[in-house]
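Coordinate analysis (summary)
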Amino acid sequence: MRNMTGVIVVVPTPFDEDGRIDDASLERLIGHYLSLGVQGLTIMGVMGEGSKLSTSESEALMQRIFSLVRGQVPVIVGASNPDDAICVAIANQAMELGAASVMIAPKRGLVGDPQVHDYFAGLCNRLGPNVPICVQDYPPVTGVTISVAGLAHLFQSLPQLEMLKLEDMPGLDKLTQLLRSFADTPASLPAIFVGNNALFTELELARGAHGVMTGFAFPEMLLQVYERHKAGDLEGAADIYEKYLPLIRYEMQPNLGLAARKYVLQRQGLLACSDLREPGYKLTPEDRAEIDRMLARLERRRAAE
């Protein structure tokens, strides 16, 4: 996974109106993402509402997704959990099913780089050297801040840490400093992917990020932007990206954002129901009307291309 590039889509978990996992919608979603040509999928992350799933649901969801993907793209499984034993159990099962990596964020309550390092060193020891880990650096959600020096030390000292999902805010300068910190140790440089609902994607790719990992409702745009950057067409990439910026901004709202994203996926015919599992934000009629207007304007801009 250290050499991974491109667009990895974070997959939402579809639920029906009674809060049960909706298999038909899940099959449509996975088929849609694969048809677009994404480079990978991430499941059971924040967008996947993994913390709301029971152990049996998590196991069944993983098995179903791996059966749908059939090895066509790498799958990263979110394994973060405040209970280390549960985190390890999810990670081991994911690898048995064929996961390319597991994504783990530092658990709440860790303070300072040494504690974060000890946490990941302990997980590496329990998981063994054959489980690649993607570190999720997401202070707005975890409450844990890792410095550039702390991240560099993590990846230089723990070789099974192969990817980083960088979601600190502000994070652009952190990305630049982190890339520079590996100048003398390029072999330990992880694949650095960025998220934050694609709010800074165009700038982050220009700064040197290796790829994008987010659940934004139009991954086809992310693929186009990535390819333009890869070809050196930064202006063309920005032109495509900026057409979607109002929707990206709207989806960035805490609590409401995931509900909005699921509604957009429902509007595309991919989800039968846009509801979050309880507890979760419920869109109001005004919310839906705003999203409908943004989608109509987006369609006009796309049609004018």
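Scope of this entry: the structure provided in the associated data block. Small disclaimer: the values here were computed from a predicted structure and weren't measured. (Residues numbered from 1 in each chain as written. Predicted model: local features only at pLDDT ≥ 70, side-chain atom pairs only at ≥ 80, totals over all residues. Heavy atoms only, no water.)

Details of the overall build of the protein
Rules: Helix and strand assignments come from DSSP, with helices taken as H or I runs of at least 4 residues and strands as E runs of at least 2, each series counted from the N terminus. To get the radius of gyration, use the C-alpha atoms; to get the globule rule, take the number of residues to the power 0.38 and multiply by 2.2 Å. Any residue under 20% of the maximum accessible area for its type is buried, any over 50% is exposed, and the rest in between are partly exposed; the area is computed with a 1.4 Å probe on protein chains only. What makes two residues a contact is simply this: any of their non-hydrogen atoms within 4.5 Å. Using a 1.4 Å probe, accessible areas were evaluated by the Shrake-Rupley method; residue-level cover was limited to the displayed protein chains. Only four residue types enter the tally: Lys and Arg on the positive side, Asp and Glu on the negative side, with His and both chain ends excluded. Charged side chains are reduced to one point each, which is NZ for Lys, CZ for Arg, CG for Asp and CD for Glu.
Along the backbone of the protein there are 13 helices and 8 strands. In terms of overall dimensions, the protein is globule-like: its C-alpha atoms have a radius of gyration of 19 Å, near the 19 Å expected for 305 residues. The principal-axis extents of the C-alpha atoms in the protein amount to approximately 50 × 45 × 35 Å. Considering the protein as a whole, with its 305 residues, one finds that 54% of them fall into the buried category. Within the protein, contacts between residues separated by at least 24 positions form 73% of all contacts whose residues are at least 6 apart in sequence. Within the structure as shown, the protein displays about 13,000 Å² of accessible surface, and the carbon and sulfur contribution to it stands at 52%. The positive charge centre, built from 28 side chains, and the negative charge centre, built from 37, are 3 Å apart in the protein.

Let's talk about the environment of I43
Relative to the helices and strands, I43 resides in strand β2 (residues 40-43). According to the relative accessible area criterion, I43 is buried, its value standing at 1%. As for I43 and S56, which are separated by 13 residues in sequence, their C-alpha atoms are 15 Å apart.

Thoughts on the pattern of salt bridges
So the rule is basically this: Salt bridges are defined as contacts in which a side-chain nitrogen from Lys or Arg sits within 4 Å of a carboxyl oxygen from Asp or Glu.
Counted according to the given criterion, the structure contains 16 salt bridges. For D18, the salt bridge goes to R20, with nearest N and O atoms at 3.2 Å. As far as burial versus exposure is concerned, D18 and R20 are alike and both exposed. Across the salt bridge formed by R267 and D292, the nearest N and O atoms sit 2.5 Å from each other. Separated by 25 residues along the polypeptide, R267 in helix α12 (residues 256-267) and D292 in helix α13 (residues 285-303) bring together distant segments of the chain. Each of D16, D18 and R20 takes part in one network of salt bridges that share partners.

Looking at the packing of aromatic side chains
Heads up, the condition is: Side-chain rings of Phe, Tyr and Trp, where Trp is taken by its six-membered ring, are said to pair if the distance between their centres is within 6.5 Å; with planes under 30 degrees apart they count as stacked, over 60 as edge-to-face, and otherwise as tilted.
A complete count under the given rule lists 4 aromatic pairs for this structure. Ring geometry for F216 and Y244: centres 6.3 Å apart, planes at 85°, overall edge-to-face. Linking F216 in the loop between β8 (211-214) and α9 (219-230) with Y244 in the loop between α10 (234-243) and α11 (245-251), this pair joins segments that are 28 residues apart in sequence. Of the two residues, F216 and Y244, neither departs from the other in class, the shared state being buried.

As for the state of the cysteines
Rules: Pairs of cysteine sulfur atoms within 2.5 Å are identified as disulfides in what follows.
Using the criterion set out here, one finds 0 disulfides in the structure. Among the cysteines around C87, which has no disulfide bond, C124 carries the closest sulfur, lying 10 Å off. The exposure class of C87 is buried, given its relative accessible area of 0%.

Observations concerning the sheet that holds strand β7 (residues 191-194)
Under the convention used in this document: Should DSSP find at least two bridges between two strands, the strands are taken to pair. Axis lines are fitted to C-alpha atoms, over the contacting stretch for helices. Their N-to-C directions set the angle, which ranges from 0 to 180 degrees.
If you walk around this closed barrel you meet the 8 strands as β1-β2-β3-β4-β5-β6-β7-β8, and the pairing is parallel. Sheet twist, expressed as the mean angle between neighbouring strand axes with direction ignored, is 25°. Contacting β2 and β3 (75-78), helix α2 (residues 55-69) crosses the sheet at an angle of about 170° to β3.

Observations regarding the environment of R288
Within the element layout of this structure, R288 appears in helix α13. Owing to a relative accessible area of 29%, R288 belongs among the partly exposed residues under this scheme. C-alpha separation for the pair R288 and V264, spaced 24 residues apart in sequence, amounts to 9.3 Å. Aside from chain neighbours lying at most four places away, what touches R288 is Y263 and L283.

A closer look at the side chain of E251
Note on placement: E251 falls in helix α11. Of the residues examined, E251 reaches a relative accessible area of 4% and is grouped as buried. With sequence-adjacent residues up to four places away left out, E251 is seen in contact with N197, F216, A217, G257, R261 and V264.

Comments concerning the side chain of T13
In plain terms, the rule: N or O atoms within 3.5 Å of each other form a polar contact, as long as, within protein, one can give a hydrogen and the other can take it, and as long as residues adjacent in sequence are counted only when both atoms are side-chain atoms.
Relative to the helices and strands, T13 resides in the loop between β1 (6-10) and α1 (23-36). Given a relative accessible area of 2%, T13 falls into the buried group. Polar side-chain contacts of T13 include one of 2.6 Å to the backbone oxygen of G48.

As for the packing of helix α4 (residues 113-127) against helix α6 (residues 148-157)
Rules: Note that the term roughly parallel is reserved for angles under 35 degrees, roughly antiparallel for angles over 145, roughly perpendicular for angles of 65 to 115, and oblique for everything else. Two helices cross in a left-handed way if the nearer one is turned anticlockwise from the farther one by less than a right angle. They cross in a right-handed way if the turn is clockwise.
Across the interface, α4 lies against α6 with an axial gap of 10 Å and an inter-helix angle of 25°. Compared by their axis directions, α4 and α6 come out roughly parallel. Note that α4 runs across α6; the crossing there is right-handed. Within the contact between the two elements, α4 uses D113, V116, H117 and F120 and α6 uses G150, H153, L154 and S157.

In short, geometric facts, not functional conclusions.
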